[in-house]
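An overview of the molecular structure
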2 protein chains.
Amino acid sequence: MDERKTRILEAIVKDYIESAEPVGSRTLARKHDLGVSPATIRNEMADLEMLGYLEHIHTSSGRIPSSKGYRFYVDDLLPPRPLGAREKALIDKWYRAKVKAIDEVFKETARIISRVTGNVSMVLAPQMNKAAFRCLQFLPLDDYRAIAVLMTDAGFVENRIVPLPDGASFEDFQRMARVINDTLAGVTLDALPPGSLKKIRAEIGDEEIYQAAIEIINRSLDNEKKERLYLGGTGEMLSQPEFRDVERVKEILLMLEEEELMRDILHAHVGNGLTVSIGQENDYKGAKDLSIITATYRLGGELIGTIAVMGPTRMEYEKAMALLDYMNGHLSEVVQKFRW
Amino acid sequence: MDERKTRILEAIVKDYIESAEPVGSRTLARKHDLGVSPATIRNEMADLEMLGYLEHIHTSSGRIPSSKGYRFYVDDLLPPRPLGAREKALIDKWYRAKVKAIDEVFKETARIISRVTGNVSMVLAPQMNKAAFRCLQFLPLDDYRAIAVLMTDAGFVENRIVPLPDGASFEDFQRMARVINDTLAGVTLDALPPGSLKKIRAEIGDEEIYQAAIEIINRSLDNEKKERLYLGGTGEMLSQPEFRDVERVKEILLMLEEEELMRDILHAHVGNGLTVSIGQENDYKGAKDLSIITATYRLGGELIGTIAVMGPTRMEYEKAMALLDYMNGHLSEVVQKFRW
DNA sequence: AGTTAGCACTCTTTTTCATAGAGTGCTAAC
DNA sequence: GTTAGCACTCTATGAAAAAGAGTGCTAACT
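Predicted model only: the values in this text are computed from it and were never measured.

Thresholds applied
Residues numbered from 1 in each chain as written. Chains lettered and ligands numbered in written order. Predicted model: local features only at pLDDT ≥ 70, side-chain atom pairs only at ≥ 80, totals over all residues. Heavy atoms only, no water. Helix = DSSP H or I, 4+ residues; strand = E, 2+ residues; numbered from the N terminus. Rg over C-alpha atoms; globule rule 2.2 N^0.38 Å. Buried < 20%, exposed > 50% of the residue type's maximum accessible area, 1.4 Å probe, protein only. Areas by Shrake-Rupley, 256 points an atom, 1.4 Å probe, with all protein chains shown as cover. Lys, Arg positive; Asp, Glu negative; His and termini not counted. Charge placed at Lys NZ, Arg CZ, Asp CG, Glu CD. Pairing = 2+ DSSP bridges. Axes fitted to C-alpha atoms, helices over the stretch in contact; angles between N-to-C directions. Contact = heavy atoms within 4.5 Å. Near = heavy atom within 4 Å. Polar contact = N/O pair within 3.5 Å; in protein donor to acceptor, adjacent residues only side chain to side chain. Expected span 1.5 Å × (residues − 1). Phe/Tyr/Trp six-rings, centres within 6.5 Å; stacked < 30°, edge-to-face > 60°. Salt bridge = Lys/Arg side-chain N within 4 Å of Asp/Glu carboxyl O. Patch = residues over 30% accessible without salt bridge, like charges linked within 9 Å, V, L, I, M, F, W, Y side chains within 5 Å. Domains from an automatic or database assignment. Buried area = accessible area lost by both parts, 1.4 Å probe. Nonpolar A, V, L, I, M, F, W, Y, C, P; charged D, E, K, R; others polar.

All right, on to the overall build of chain A then. Each helix and strand in chain A was counted, giving 12 helices and 10 strands. Against the globule reference of 20 Å for 340 residues, chain A gives a C-alpha radius of gyration of 26 Å, more extended than a compact globule. If one aligns the C-alpha atoms of chain A with their principal axes, the spans along those axes are about 90 × 40 × 35 Å. Among the 340 residues that make up chain A, the fraction classed as buried is 54%. For chain A, the computed accessible surface area is about 15,500 Å², with 49% contributed by carbon and sulfur atoms. Of the side-chain charges in chain A, 45 are positive and 53 negative, and the distance between the mean point of each set is 5 Å.

Let us now look at the sheet that holds strand β7 (residues 229-232) of chain A. Residues and elements named next belong to chain A. The antiparallel open sheet is built from five strands, whose spatial order is β7-β3-β10-β9-β8. Because the sheet does not close on itself, it has two edges, and the strands there are β7 and β8 (275-278). The mean angle between the axes of side-by-side strands here comes to 15 degrees, regardless of whether they run parallel or antiparallel. Alignment of strand β9 (residues 290-299) against strand β10 (residues 302-312), held across 10 bridges, turns out to be antiparallel. Paired with Arg298 across the two strands is Leu303, which belongs to β10. Contacting β3 (120-124), β7, β8, β9 and β10, helix α11 (residues 259-269) crosses the sheet at an angle of about 80 degrees to β3.

Turning next to the protein's contact with DNA strand D. Within the structure, DNA strand D sits among 22 residues, and Ser25(A), Thr27(A), Arg4(B), Thr40(B) and Ser60(B) are positioned closest to it. Close to the protein, within 4 Å, the atoms of DNA strand D belong to sugar or phosphate groups at a rate of 75%. Contact distances for DNA strand D include 3.3 Å between a sugar or linking oxygen and a side-chain N or O atom of Thr59(B). At the level of secondary structure, the elements contributing two or more residues to the surface near DNA strand D comprise α2 (25-31) and α3 (38-50) of chain A together with α3 (38-51) of chain B.

On to the protein's contact with DNA strand C. Around DNA strand C, a shell composed of 22 residues is seen, among which Arg4(A), Thr40(A), Ser60(A), Ser25(B) and Thr27(B) lie nearest. Take the atoms of DNA strand C that sit within 4 Å of the protein: sugar and phosphate atoms are 74% of them. The side chain of Arg4(A) places a nitrogen or oxygen atom 2.7 Å from a phosphate oxygen of DNA strand C. Arg63(B) is positioned such that a nitrogen or oxygen atom in its side chain is 3.2 Å from a phosphate oxygen of DNA strand C. Elements with a contribution of two residues or more to the surface near DNA strand C: α3 of chain A together with α2 (25-31) and α3 of chain B. For the surface near DNA strand C, the leading source of residues is α3(A), giving four residues.

Moving on to the pairing of strand β9 (residues 290-299) of chain B. The element β9(B) is largely enclosed, with a buried count of nine among its 10 residues. Counting the residues in the hairpin turn of β9(B) and strand β10 (residues 302-312) of chain B gives two residues, including Gly300(B), whose phi is positive at 55 degrees.

Residues and elements named next belong to chain A. For β3, a buried count of five out of five residues is recorded, marking the element as mostly surrounded by other parts of the structure. A two-sided burial pattern is seen for β3, the buried positions comprising Val120, Met122 and Leu124 on one face and Ser121 and Val123 on the other. By the bridge criterion, five bridges tie β3 to β10 in an arrangement that is antiparallel. Residue pairing across strands places Ser121 opposite Val309, the latter belonging to β10. With four bridges connecting them, β3 and β7 associate as antiparallel partners. Its bridge partner being in β7, Val123 is matched across the sheet by Tyr230.

All right, on to helix α1 (residues 3-19) of chain B then. Given 3.6 residues per helical turn, the α-helix brings residues three or four places apart onto the same face. All names here are of chain B. With 17 residues, α1 extends 24 Å from end C-alpha to end C-alpha; this agrees with the ideal 24 Å at 1.5 Å per step. Residues Lys5, Thr6, Ile8, Leu9, Ala11, Ile12, Val13, Asp15, Tyr16 and Ile17 constitute the buried set of α1. Ala20 sits one or two residues past α1 and shows a positive phi near 65 degrees.

Take the environment of Gly311(A) next. Residues and elements named next belong to chain A. Within the secondary structure, Gly311 is located in strand β10. On a C-alpha basis, the gap between Gly311 and Glu333 in space is 27 Å, while along the polypeptide they are 22 residues apart. Not counting the four nearest positions on each side in its chain, Gly311 is found in contact with Asn119, Leu290 and Ser291.

All names here are of chain A. In total, this model carries six aromatic pairs over all chains according to the counting rule given. Plain terms: the ring middles of Tyr70 and Tyr317 are 5.7 Å apart, the flat faces sit at 50 degrees to each other, and that makes the pair tilted. Placement of Tyr70 in helix α4 (residues 67-77) and of Tyr317 in helix α12 (residues 317-338) is noted, with a sequence separation of 247 residues between them. Assigned by exposure class, Tyr70 and Tyr317 land together as buried.

The next subject is the pattern of salt bridges. Residue and element names in this part refer to chain B. In total, this model carries 38 salt bridges over all chains according to the counting rule given. Between Lys5 and Asp47 there is a salt bridge, with the nearest N and O atoms lying 3.4 Å from each other. With Lys5 in helix α1 and Asp47 in helix α3, this pair connects stretches of sequence that are 42 residues apart. In this structure Lys5 comes out as buried when scored by relative accessible area, which is 11%.

So, about a nonpolar patch on the surface. On the surface, Met1(B), Met50(B) and Leu51(B) cluster together into a nonpolar patch covering about 340 Å² of accessible area. Its location among the elements puts Met50(B) in helix α3.

Attention now goes to the side chain of Thr109(B). All names here are of chain B. Counting through the fold element by element, Thr109 comes out in helix α6 (residues 102-117). Polar contacts involving the side chain of Thr109 include one to the side chain of Tyr95, which spans 2.4 Å. Among all residues touching Thr109, those that are not within four sequence positions of it are Tyr95, Val123, Ile307, Met327 and Leu331.

Let us now look at the sheet that holds strand β8 (residues 275-278) of chain B. Residues and elements named next belong to chain B. Overall, antiparallel pairing links the five strands, which are arranged β7-β3-β10-β9-β8 in an open sheet. Of all strands in the sheet, those with a lone pairing partner are β7 (229-232) and β8, marking the two edges. On average, adjacent strands in this sheet sit at an angle of 15 degrees to one another, irrespective of strand direction.

Once that is clear, we can look at the side chain of His269(B). Assignment of secondary structure puts His269(B) in helix α11 (residues 259-269). Non-local contacts of His269(B), meaning those with residues more than four positions away in its chain, are made with Thr275(B), Ser277(B), Asn282(B), Ile292(B) and Thr294(B).

Residues and elements named next belong to chain A. Each assigned domain of chain A is listed here: domain 1 (3-77), domain 2 (85-126 + 227-336) and domain 3 (129-223). For domain 1 versus domain 2, the separation of C-alpha centres amounts to 28 Å. Each partner contributes to the interface: domain 1 provides seven residues, whereas domain 2 provides 14 residues. Contact between domain 1 and domain 2 buries roughly 950 Å² in total, counting both sides, with carbon and sulfur atoms accounting for 63%. Between domain 1 and domain 2 we count one salt bridge in total. Elements with a minimum of two residues in the side of domain 1 that touches domain 2: α1 (3-19) and α4. For the side of domain 1 that touches domain 2, the residue count by class is five nonpolar, one polar and one charged.

Printed below as a string of structure tokens:
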């Protein structure tokens, strides 16, 4: 990979990202001032194809970048470019206007991402079990039931209706809450230390109430393991010429509707900061011609959520990465603020 | 509209719903045993077109039903058919397997509807302000803040972080909660009787705490006026031949992403029980070639939510209506159960 | 040895044209 | 009132031709 090959590859990737059309040697020579003739470019292209950076649809159409080509472009050619001040200001303004509740932060984040990039965006809201336990309270409902309200570090409140076991009174539950609060304060929900359960059991005494307590904690965990997924831009996506085929669109929409699947895909891609996964590199076979960029946000060093862009491999990586990076910082900050 | 015209119109609508192709006289005569020749059918078709029940794309293609044609079909020709026992059993089973929390009832309802009808489905979860106030509680958070938990009749719990005004203690808040609970129990949130506010004010005494109380109630209302909208089947929809055109699909997806808009559309269509709105009849211009069927569910006579199917005017009305009717009853029941 | 011009060849896209098929509308006969 | 027949219209389909873009290779050039 000498200097010239690099420049030509870069030009091809850029052109293709812009035009969505296979790039030929002549056009390339005309548009970019590479200082060599189309013939030379053709030779270089043949080399680049041999090396696996480019692909050929058929004998006589221009080249398109392969996954490897994009990979090289993203890793070695893209200067990390921060988002422009104007865009930042716009985003901040949008947030201020739209966001009234914590839920909406995620929704609007997804919206902004899809608007700016023209692709599908996904936002995984913080997982409760990754957040630390803060406090558990009960509210009386009637003689048989109470509402358990569970709060975490990240500003989330979860509630659940729980039946009172026979013979237990609301006061028993209050006591149970006190014990649990004392024991679990600050503990991460997905890693309850085994000792703490024993301690709770000992403190509570009554076996039936202890079972109820465990039940509540487990139920909350159960539900919250499925973090909320916010999707945006399914309509936007159709502007991309690669989705002119309705069948393909259908496949993708069906995929997007499988929340479980999308969560799995996002989890698989989580890394440190920005992660780019290009075409073939994706594990899921329905995404072999898609690229996924993810960014993760943290709270106190602990990973609690993910935002992502998904689009055709021919994607404006630079823009998407800069945006994701910014939104990520933003989101971390917002979640931070909601911490108490 | 004599007997024969009616039969012919019915045959055309059914054929068109099934095939999505304009229906011609010859084919119609062959498939249905109408006892008359194609020529007669042609004459009748011409009449039906004159009367506005049928339409013509161009001189020599078969007829397709107009909005008026569908309307006649739906109103006068469709026998109200309940859902088959097998389907019902399937749905009930599905619910049992999938639904673990109240949220999921709505999500899965949307999913079932879109699966069965092959169209987009929408479910509006109960509005809090249509439900009756049940109880307000506070949980201490830190020295400056508390969590207000608001519960309603319909089984929903809403929480919100509220700052304690200067000089107020948590005990003041507890007292305030007591007053509010006593005063507002059973009152519908969107119609707080003016007298009750005065009463609360008098009881609380302290002006600042009173303001905080009002603030909390208002904020909750504010947020809950936007009931949750669950969407399903955007992928399913693409199986319909009328959506072979990507541009059209894009428009619809963009429309569906506008939650506000969708809510408005649903609200506009709400009636008693099943409502069918066909093509032109729709107010929103992006839905002029779509039909929307809605059903509303109630709690104690009060309307609290809506479920809907949206698809091309060429829709299996019979199936969709039967399904919606069943799901509706089901949902009313579920919400009822969650009542306390 | 690297670079370039030239040219034959390939493959796609677009256009044109002809044809087949489905359907209508009208007239005249039943 | 119903039907058969027929001319006419419009669409869909497919073949063939032409245009366009691009490659790969060879030979010439620096």
